[in-house]
Amino acid sequence: MKLKYTSVLFLGTVSMLYSQNTNDTISKESKIEEVSITGSRNKKRTVTNTPVPVDVIDIKQVSQSTGQIEVNQLLQFSAPSFNSNKQSGSDGADATDPATLRGLGPDQTLLLLNGKRYHQSSLINVFGTKGRGNTGSDMNTIPIGAIKRIEVLRDGASAQYGSDAIAGVINVILNDRSQGFEGNAFYGMNLFKSPGNKDVVSDHKVDGTTFDFSGNLGTKIGNKGGFGNFTVEFVNKDRTIRNANPEKYSSPRERFGDAKSQNIYFFGNVELPLSDGLKFYSRQGFSYRKTNAYAWTRSPDADGNIPEVYPNGFNPIEDTSITDFTFDNGLKFKVASWDVDFYNAFGSNRFTYQIDNTINATLGIKSPTSFNAGGHSLLQNTTGFNASKQFKVLEGLNVALGSEFRYEEFEIIKGEEASYAMYDVNGNIVTPDTPEGLFVTNPLSGDVRPGGSQGFPGYSQEFNKNRNNFAAYVDTELDITKDWMISVAGRFENYSDFGSTLNGKFATRYAITPQFAFRGSVSTGFRAPSLAQKYYSLQFTNFQGGNLVTIQLAANDSDLAKLIIPQLKQETSLNGSAGFTFNTGKFTATVDGYYIKVKDRIVLTGNFTQEDDAIGDILAANHIDQAQFFSNAIDTRTKGVDIILSYTENIGSGKLSATLAGNYNDMEITKINTSEKLKGKEDIYLSARERAFILASAPKTKVNLNLNYKIDKFNANLQLVRFDKVKLIGYNGADDYQLYGAKVTTDLSFGYEFSKSFNLTIGSKNLFNRYPTLQTAAVDGNTESGGIFDPVQMGFAGRQAFARLNFKF
């Protein structure tokens, strides 16, 4: 079979899967399949002739040449517009990494699984982490071994896929291989010394030991082209500690670093033709992740400590269990020459917290040291259909239309009483109207002791909230000439708790020459507040500048919030992009500029204290030091550009593939939306500190250079990633800041194919052991993490050496 192909770019480890103007015979394995690329429902559209930018990442190829075993981290070092940092000291976020596109909120990117909406995580990012006040989807619930490719649509797509696709869409495509077994075994460890020429900042010379085993089986089902593809994967990762040398670096948190985790996955992808023109498909997914992370250190004389129990103080441990389930089913068939897809996509995510090595200080020596702190869960079910048809209008018209009905349910799971309660000297629960004299006081400091489990207090209330959403959309593409196409899409959505919205999108592409084309788009977006943002509440303790404070995160519908905070409303957006593509076969370039304006973004406010004249008396009466709220607090404007250059060349008997990919992203907060009762308090409503965290969601620039050389059975891969500087603000105002200088990481690996069934890769991630800039002032407790770094840029694990064995039968 001799065909003419268009090049497709794979970020990270780069290959040109299809070359233009080729006369080579193409094998059955590499034939072009008739599939829709994310951003277009036209089956005849390829990546480079879409009117919007789409990155297609070959997960198998990228994962085999790197030390990454999680989807988030793989994309972090492959796609410049994608950012996700490992967190530490951030409660549930230690177990799941917040992820963003172009620096927008984690909940402003829509995640799809084989084109169907994937459920979000039940976790809401609260403090100590990026994306505060936002929920998001957890891509690490999907094992790398189950993924064929990932398509990243870097453009507003609310009118096409869902109103919350303000920043873009990430579509995970599952393996569909129908025969044979493929597996890999990965072993890695962190080998490090401290930054620069300083002494070691850990009590081990090797840590973070990681073992990952995955197996993928493809099998034919029936004799009509049916298949089943099944993946199992197991990951065991030890923790890393990066400030365990108090003689050199003293900080208020002794055990800062990556959490320990154990992950188990199962994913299935089944397609079965039932008759001519009728096909059944099913995707099943299950993951269980158990994470063990250290919270902030309690010193011997801390108000939250009982010296008789912990004479040297203690480090609370958060044992987090995450159970995630996916079950998507559907039928594909034809009706009057329309291709119809009818489906139901179900997903659930459940977090529970067990707090160990801790204490409820108000119970004294009688307190347990382990508590069930409860948790939260989210259920989502989407039923819908899509129909598409090609019409002979001009050079071709593709029309797609469809509808979806979505049901969402959010639940808070109550913890055991002692995990959240405060007790008096007689062992009775203290209520807000109890005389202050009944509180237990710390004999060392004379201060009132905090109640609940130290490190992470349990949930004191349980509730179950739900809502539904109806959507209908039309998505059209018209080829006016062979060189010029336009796309128009519209989507109507109605939320049972927020009313209706109508979003639209216009996009176009014009091929000036066969090699050079212009493309651009403009669209609107809408995102309703999540159920968690409306109803989540928690009272917790936090360290601010080394001081322990009690903070009430008040639900938006609570009496406390109603005093000063308006009810949450929807976020709205305006997106625009323009760019060009250039393709000569060996060389491909794409340049896309973008503009994203978001109004009424929902974030967490700053902290209001007992001195506040609006609610201070109420906080004092309830023995709460500070309170914060979910609010439509800001308007933002983001401008930027994505540049991707790729080149392939035969050198000697081998082939060199090179990619230079970069992102420039500039976000500004254009307005602070205070309520009427808080006029003049903008610096509290959203402090300089909170603003810095929002703006630091993505480095201003991020550049990725990847070089891959393959000759015979040998393969070498070099990847350099440059992260721009990041500035964060401490607790003492804008003049108290942490500056993290620009850093470059280097990944190097070598692979060898011993046979068609067996190959080995060895290498190093972060070869030169680069860390974020050391914060020598960490002794003041000013970093958000409590350690000598914040979770920024490349992370804080340091150098990793690894070996990956790949095999197939």
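Cut-offs used in this document
All residue numbers here refer to positions counted from 1 along the written sequence of the relevant chain. Given that this is a predicted model, residues contribute local features only at a pLDDT of at least 70 and side-chain atom pairs are listed and counted only at 80 or more, while totals for whole chains, interfaces and linings are drawn from all residues. Side-chain metrics rest on all non-hydrogen atoms present in the structure, leaving aside hydrogens and water. Exposure classes here rest on a 1.4 Å probe applied to the protein chains alone. A residue is buried below 20% of its type maximum, exposed above 50%, and partly exposed in between. The numbering of helices and of strands both runs from the N terminus, where a helix is a DSSP run of H or I of at least 4 residues and a strand a run of E of at least 2. We treat two strands as partners when DSSP finds at least two bridges between them. Residues enter patches when their relative accessible area tops 30% and they take part in no salt bridge; the joining distance is 9 Å for like charges and 5 Å for the nonpolar side chains Val, Leu, Ile, Met, Phe, Trp and Tyr. Note that accessible areas follow from Shrake-Rupley with a 1.4 Å probe, and for residues the cover is restricted to the protein chains shown. Counted as salt bridges are all cases of a side-chain nitrogen of Lys or Arg within 4 Å of a carboxyl oxygen of Asp or Glu. Stacked, edge-to-face and tilted labels apply to pairs of Phe, Tyr and Trp rings (six-membered ring for Trp) whose centres lie within 6.5 Å, assigned for plane angles under 30 degrees, over 60, and everything in between, in that order. Two thresholds decide whether a charge sits over a ring: the Lys NZ or Arg CZ must be within 6 Å of the ring centre and within 35 degrees of the ring normal. Any two residues whose heavy atoms approach within 4.5 Å at even a single point are treated as in contact. Of the grid points, spaced at 1 Å and generated over the protein atoms alone, those admitting a 1.4 Å probe that cannot get out make up cavities, while open sets with protein on both sides within 12 Å along at least five of seven lines make up pockets; any residue with an atom within 4 Å of a point is treated as lining. Grid points are joined across faces, edges and corners, and a volume is the space filled by probe spheres set on the points. Only Asp, Glu, Lys and Arg are considered charged in this grouping, and only Ala, Val, Leu, Ile, Met, Phe, Trp, Tyr, Cys and Pro are considered nonpolar; every other residue, Gly among them, is considered polar.

Here we look at the pairing of strand β16 (residues 397–413)
Okay, so step 1: The element β16 is largely enclosed, with a buried count of 12 among its 17 residues.
Okay, so step 2: Bridge count between strand β15 (residues 371–391) and β16: 17 bridges; the pairing is antiparallel. Across the sheet, residue L379 finds its bridge partner in β16, namely E409.
Okay, so step 3: The antiparallel hairpin formed by β15 and β16 contains 5 residues in its connecting segment, where L394 sits at a positive phi of about 55°.
Okay, so step 4: The pairing of β16 with strand β17 (residues 463–479) spans 16 bridges and is classified as antiparallel. From the neighbouring strand, F405 faces β17, where its bridge partner is F470.

Side note on a nonpolar patch on the surface
Okay, so step 1: There is a patch of nonpolar side chains on the surface, built from F714, F750, Y752, F754, F758, L760 and I762 and spanning about 600 Å² of accessible area.
Okay, so step 2: For the nonpolar patch, the elements supplying multiple residues, two or more each, are β32 (743–755) and β33 (758–765).
Okay, so step 3: When you line up the elements, F714 lands in strand β29 (residues 714–723).

Things to note about the packing of aromatic side chains
Okay, so step 1: Within the structure shown, the criterion is met by 28 aromatic pairs.
Okay, so step 2: An angle of 75° between the planes, with centres 5.0 Å apart, marks the rings of Y752 and F754 as edge-to-face.
Okay, so step 3: Taken together through their ring pairs, the aromatic side chains of F351, Y353, F456, Y459 and Y536 make up a single cluster.
Okay, so step 4: Across from the ring centre of F693, 3.7 Å away, lies the NZ or CZ of R132, which sits over that ring.
Okay, so step 5: Positioned above the aromatic ring of Y737 is the side chain of K727, whose terminal nitrogen or guanidinium carbon lies 4.4 Å from the ring centre.

Re the environment of I596
Okay, so step 1: The topology assignment puts I596 in strand β24 (residues 587–604).
Okay, so step 2: Given the relative accessible area of 1%, I596 is considered buried.
Okay, so step 3: I596 sits 43 residues away from K639 along the chain, and the two C-alpha atoms are 6.5 Å apart.
Okay, so step 4: With near-sequence residues (within four places) excluded, I596 lies in contact with R102, L104, I166, L574, N575, T636, R637 and T638.

As for empty space enclosed by the protein
Okay, so step 1: Taken as a whole, this structure holds 18 cavities of 30 Å³ or more when the rule is applied.
Okay, so step 2: For the largest cavity, the calculated volume is near 370 Å³.
Okay, so step 3: Q68, Q73, D258, K765 and A797 are, among the 27 residues lining the largest cavity, the residues nearest its centre.
Okay, so step 4: For the lining of the largest cavity, the per-class residue count stands at 6 nonpolar, 14 polar and 7 charged.
Okay, so step 5: Forming the walls of the second largest cavity are 24 residues, and the residues nearest its centre are Q120, D164, E408, R467 and S530.
Okay, so step 6: Those elements that place two or more of their residues in the lining of the second largest cavity are β4 (109–113), β15, β16 and α4 (531–535).
Okay, so step 7: A per-class count over the lining of the second largest cavity returns 9 nonpolar, 8 polar and 7 charged.

By themselves, these observations are geometric and do not establish any function.
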